[in-house]
Amino acid sequence: MKKNIVITGAGIISAIGNCKESVLESLKKQKTGIEKIKILDTVHKDFPSGEVKMTDSQLKSSLEIPQTKLISRNALLGIYAAKEALLQAGINKENKNGKKIFFISGTTVGGMDLTEKFYKDFPQNTECLKQHDSGSCTDLTAEYFGIFDNVITISTACSSAANALILASRLIKAGKADIVVAGGAEALTKFHLNGFNSLMIIDKEICRPFDQNRAGLNLGEGAAYVVLETSESAKSRNASPLTYLVGGANTCDAFHQTASSPEGEGAYNAMKQALEEAGLSPWEIDYINAHGTGTPNNDESESQALKRIFSDQIPLFSSTKSLTGHTTSASGAIESVICILAMQNNFAPGNLGFETKMENFDFSPIKENTPKILKNVICNSFGFGGNDSSLIFSINPPKENAKDFVYNEEIKLETPVKVEINSEEELSKLKNFLKPAESRRLCKIMKTSLLTSLEALSKAGIQTPDAIITATTLGCWENSEKLLEQITFEGEEMLKPTLFMQSTHNTIGSNIAIKTGCKGYNITYTQGENSMKCAMEDAVLLLKSGMCKNVLIGLHDETTKKYRELTNQTNLPEIHSAAIIIKTAE
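Residues numbered from 1 in each chain as written. Predicted model: local features only at pLDDT ≥ 70, side-chain atom pairs only at ≥ 80, totals over all residues. Heavy atoms only, no water.

1. Here's the deal with the overall build of the protein chain
Of regular secondary structure, the protein chain possesses 19 helices and 17 strands. Once the C-alpha set of the protein chain is aligned to its principal axes, its extents read approximately 65 × 60 × 55 Å. Expressed as a percentage of the 586 residues in the protein chain, the buried residues total 66%. Sequence-distant contacts, at least 24 apart, represent 78% of the contacts inside the protein chain between residues at least 6 apart. Accessible surface for the protein chain amounts to roughly 21,300 Å². Of this, 48% is attributable to carbon and sulfur atoms. For the protein chain, the distance from the average position of its 61 positive side-chain charges to the average position of its 69 negative side-chain charges is 2 Å. (Helix = DSSP H or I, 4+ residues; strand = E, 2+ residues; numbered from the N terminus. Buried < 20%, exposed > 50% of the residue type's maximum accessible area, 1.4 Å probe, protein only. Contact = heavy atoms within 4.5 Å. Areas by Shrake-Rupley, 256 points an atom, 1.4 Å probe, with all protein chains shown as cover. Lys, Arg positive; Asp, Glu negative; His and termini not counted. Charge placed at Lys NZ, Arg CZ, Asp CG, Glu CD.)

2. Observations concerning empty space enclosed by the protein
By the definition in use, this model includes five cavities of 30 Å³ or more. Taken as a whole, the largest cavity holds about 250 Å³ of empty space. Lining the largest cavity are 22 residues, with Thr-108, Val-109, Phe-191, Thr-504 and His-505 positioned closest to its centre. Quantified by volume, the second largest cavity comes out at close to 80 Å³. Lining the second largest cavity are Lys-2, Lys-3, Asn-4, Ile-5, Lys-173, Leu-245, Val-246, Glu-277, Pro-398, Ala-402, Lys-403 and Asp-404. Of the residues assigned to the lining of the second largest cavity, the class counts are five nonpolar, one polar and six charged. (1 Å grid on protein atoms, 1.4 Å probe; cavity = no way out; pocket = protein on both sides within 12 Å on 5 of 7 lines; lining within 4 Å. Points joined across faces, edges and corners; volume = space filled by probe spheres on them. Nonpolar A, V, L, I, M, F, W, Y, C, P; charged D, E, K, R; others polar.)

3. Topic: the pattern of salt bridges
Within the structure shown, the criterion is met by 24 salt bridges. Among the salt bridges present, the one from Glu-276 reaches Lys-403, with a minimum N-O distance of 4.0 Å. Of the two residues, Glu-276 is situated in helix H9 (residues 265-278) and Lys-403 in the loop between strand E12 (387-394) and strand E13 (413-421); the sequence distance between them amounts to 127 residues. A relative accessible area of 31% means that Glu-276 is categorised as partly exposed. A salt bridge links Lys-562 to Glu-485; the shortest N-O distance between them is 2.7 Å. Note that Lys-562 is positioned in helix H19 (residues 561-566) and Glu-485 in helix H15 (residues 477-489), a separation of 77 residues in sequence. Salt bridges sharing partners connect three or more residues here, namely Asp-56, Arg-73 and Glu-221. (Salt bridge = Lys/Arg side-chain N within 4 Å of Asp/Glu carboxyl O.)

4. Side note on the nonpolar core
Ile-104, Leu-228, Phe-393, Ile-469, Tyr-525 and Val-551 are the most contacted members of the largest nonpolar core, which totals 70 residues. Apart from the residues within four sequence positions on either side, Val-551 is in contact with Ala-467, Ile-469, Ala-539, Leu-542, Leu-543, Ile-580, Ile-581 and Ile-582. (Core = buried A, V, L, I, M, F, W, Y, C linked by side-chain atoms within 4.5 Å.)

5. Remarks on the pairing of strand E1 (residues 5-13)
Counting buried positions over the nine residues of E1 gives nine, a clear majority of the element. Relative to strand E6 (residues 243-252), E1 runs antiparallel, the two being bridged by two bridges. Residue pairing in the sheet places Ile-7 in a bridge with Thr-243 of E6. (Pairing = 2+ DSSP bridges.)

6. Considering the environment of Ala-185
Checked against the element boundaries, Ala-185 lands in strand E4 (residues 179-186). Each C-alpha atom of the pair Ala-185 and Ala-75 lies 7.5 Å from the other, and the pair is 110 residues apart in sequence. Every residue in contact with Ala-185, bar those within four places of it in the chain, is listed here: Asn-74, Gly-78, Ser-105, Gly-106, Thr-107, Gly-222, Ala-223, Tyr-225 and Ala-330.

7. So, unusual backbone geometry
A negative phi holds for most residues other than glycine; trans holds for most peptide bonds. Here the residue pair Phe-122 and Pro-123 is connected by a cis peptide bond, since its omega of 15° sits within 30 degrees of zero. With respect to the secondary-structure elements, Pro-123 resides in the loop between helix H4 (112-118) and helix H5 (134-145). Even without glycine at this site, Met-200 takes up a positive phi of about 60°. With respect to the secondary-structure elements, Met-200 resides in the loop between helix H7 (190-198) and strand E5 (222-230). Residue Met-200 is classed as exposed on the basis of its relative accessible area of 72%.

8. With respect to the packing of H9 against helix H10 (residues 296-310)
Put simply, H9 and H10 touch, their axes get as near as 8 Å, and they point 40° apart. Classified by the interaxial angle, the pair formed by H9 and H10 is oblique. Taken as a pair, H9 and H10 cross one another with a handedness that is right-handed. Every residue of H10 that contacts H9 at Glu-265, Ala-267, Tyr-268, Met-271, Lys-272 and Leu-275 is listed here: Ala-305, Leu-306, Arg-308, Ile-309 and Phe-310. Its residues assigned to classes, the contact of H9 with H10 comprises eight nonpolar, no polar and three charged. (Axes fitted to C-alpha atoms, helices over the stretch in contact; angles between N-to-C directions. Parallel < 35°, antiparallel > 145°, perpendicular 65-115°, else oblique. Left-handed = near helix turned anticlockwise from the far one by under 90°.)

9. Considerations on H7
A large share of H7 lies buried, amounting to nine of its nine residues. The inward-facing, buried residues of H7 contact H4, H15 and helix H16 (497-501). Backbone geometry just after H7 places Met-200 at a positive phi near 60°.

10. Observations concerning the packing of aromatic side chains
Within the structure shown, the criterion is met by 12 aromatic pairs. For the pair Phe-145 and Phe-148, a centre-to-centre distance of 6.3 Å together with 85° between the ring planes defines the contact as edge-to-face. Exposure class is identical for Phe-145 and Phe-148. Each is buried. What links up through ring pairs into an aromatic cluster is the set Phe-103, Tyr-144, Phe-145, Phe-148 and Tyr-225. In this structure, Arg-308 is placed above the aromatic ring of Tyr-268, and the distance from its NZ or CZ to the ring centre is 4.0 Å. (Phe/Tyr/Trp six-rings, centres within 6.5 Å; stacked < 30°, edge-to-face > 60°. Lys NZ or Arg CZ within 6 Å of the ring centre and 35° of its normal.)

11. Some remarks on the side chain of Glu-558
Inspection of the secondary structure assignment puts Glu-558 in strand E16 (residues 550-558). Of the side chains with opposite charge, Lys-444 lies nearest to the buried Glu-558, which makes no salt bridge, at 4.8 Å. Separated by 3.1 Å, the side chain of Glu-558 and the backbone nitrogen of Trp-477 make a polar contact. Polar contacts involving the side chain of Glu-558 include one to the main-chain amide nitrogen of Glu-478, which spans 2.9 Å. (Polar contact = N/O pair within 3.5 Å; in protein donor to acceptor, adjacent residues only side chain to side chain.)

Treat this as a map of the structure, not an account of what it does.
This is how it looks when you write it as C-alpha cells:
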C-alpha cells in the first residue's frame, strides 16, 4: 500500500517575516526584506542583505532562553521556526504517544557566528567551538523541544534543506520514522558574506534574478521547517494536511566546485526525476519557485534546464530571493513554505526586480504576483558542487502512475572494499590518478578523500558509482581556519576565493563526483560522531529500495594543530579518510 506524504505544519522566520502570516503579507505586497546590514558586525554594512529583523537577544527573549546562555544565531533561528511548525501540527511532549519523531536539518555555517566572534580572543573563550560544527547546532535546536528520537544534519550548501525533506519522505515510507520535522537554518556570518564576496558574485543593489542586467546575489538568513507524515498518520491525529510532497530528487552536476554547467545538466536531471517520481508530466506543473540567485551563471544554467524540461510550454516561474535574499542552506525550506503559502492563497509570487528578458531565451519570469490555482508546484534548490535538488508539492495525493518508494528488507548487501589512510605520506599514490597540476589545486582533505575514494572504486572494479555519500564533522577545516585567520587579523578585503571554494562540507563529495563523473545522488552528513552512522543508514535506504546498485561512502575529517590545542583534543588525528563500497549482493 502506497504511503502518501503530507505536510501538517510549517514554520518560518526570514527577512520578510517572523511567521507564516507576516511572510504571506510581504509576499502579497511584494515587500522586500533586503536592506543594508544592521545586525551582523561587518565592514560591509552597505551590502544589501536579507537579515532577520530580530537580534539574538530578542530571539532569546521570545524563546524564553536565558540571555546569559551561549547559543549560536543559527540554532536560535532554527528553534524559532521549528516551534511554529510543531505548534501548527499539534505535536508536543504530551501527545507524542510513542511515535518515532525525527529531526532533520540542513545547515552549512553551523555556529560560525560564534567562532568568528570569539576567534580573536583564542585561546580564551573557546567554549564556542563546541557549537562550531553543523551537527551541534541541530542538536541544540532539537534539545529545546525534547521530543526527537533521532537527529540528522545535512550539509550540501544551498540544497541542504531541500535534501532534508527528500530524506524525511524516504525515512517515513521505509517505516524508519513516523513523523519528521525537516528543513534548514542559516545565520548570516562574516565568513560566508566575505566568501561570496571573494567570488565577486554579490550584487551591490537588490538582486535581479533572470534579468539580462543581473549582477549577482544578495545573501540572506533565516530558517524554516515542515512537519511530514503519512496521510494515515495525520488522519489518526486529526491533523489537517497543508499539501502533499509528491516528488523529490537530488542529483549532481559533476561539473565544477562552484559553477553550474552551461546546459544545466544537474538541474535538468533533478526536475526530471522529481516529475517521474510524482507521475506528472511537465505540462501539469502550474508554477516553479526557481533557485534564481541572480548570478549570471546560475540563472543562465537554470533557464537552459527549464527549456530542456518544458520546451515551449514553460509554466509560470519566479525567484523569491529578491525578497528574502539567498538564505543558502535554509533556502530550500524557506522557499518550500513560500510555495505552500502561495498554493493555499491561489497566486504565483512575482519576481521582484525583473525588467529585461535574458538574451538567448524567449521566456521570462512573472514580474508581478499572478492569481492562479496552483495544483502542482516545483521548488528548486541548487548548491555548490552542482548539488541539485527539486521538490514537487501538490494539493492532491500522488497519481496512480507515481513511483512508489518500496523498502525491501530482504535485499542482501555486501561491503567488498574499504580503503583507509591516516597520514599525508600516503598521498604520493595520488599521482596514479591525478596530474601534478590537478593535485596542487586541492587542499589536504580534498586529496585524501579523493585518493581513498578512487582506490576503493578501482579495487571494486567500479569506474563511476551510482551514488556518493560523505560523512564529516568539520569538513574542510584547514581552509576554514585560514579564512578565519584572514578575516580576523587581516580584515575583510582581498580574501582568497580558493579558500572559500574549498571550505564547504560538500566540496569533498562534489570533487569526487567531478573526478568520477557521478551525476547521481550526492549527499553530505555532518552529525558529529554520528555522521558515518547517518551515511550508512542512507546507503542502506537507497540500496534496499532499488534506487541504486552501489554506493561510495566516505568518512573524511581533518584537524589542525591550533584546533587540537584549543579543544584539548591532542589525540585527534591530523587527517583521516576512509572510503567504503557497499552494494547489493550478486
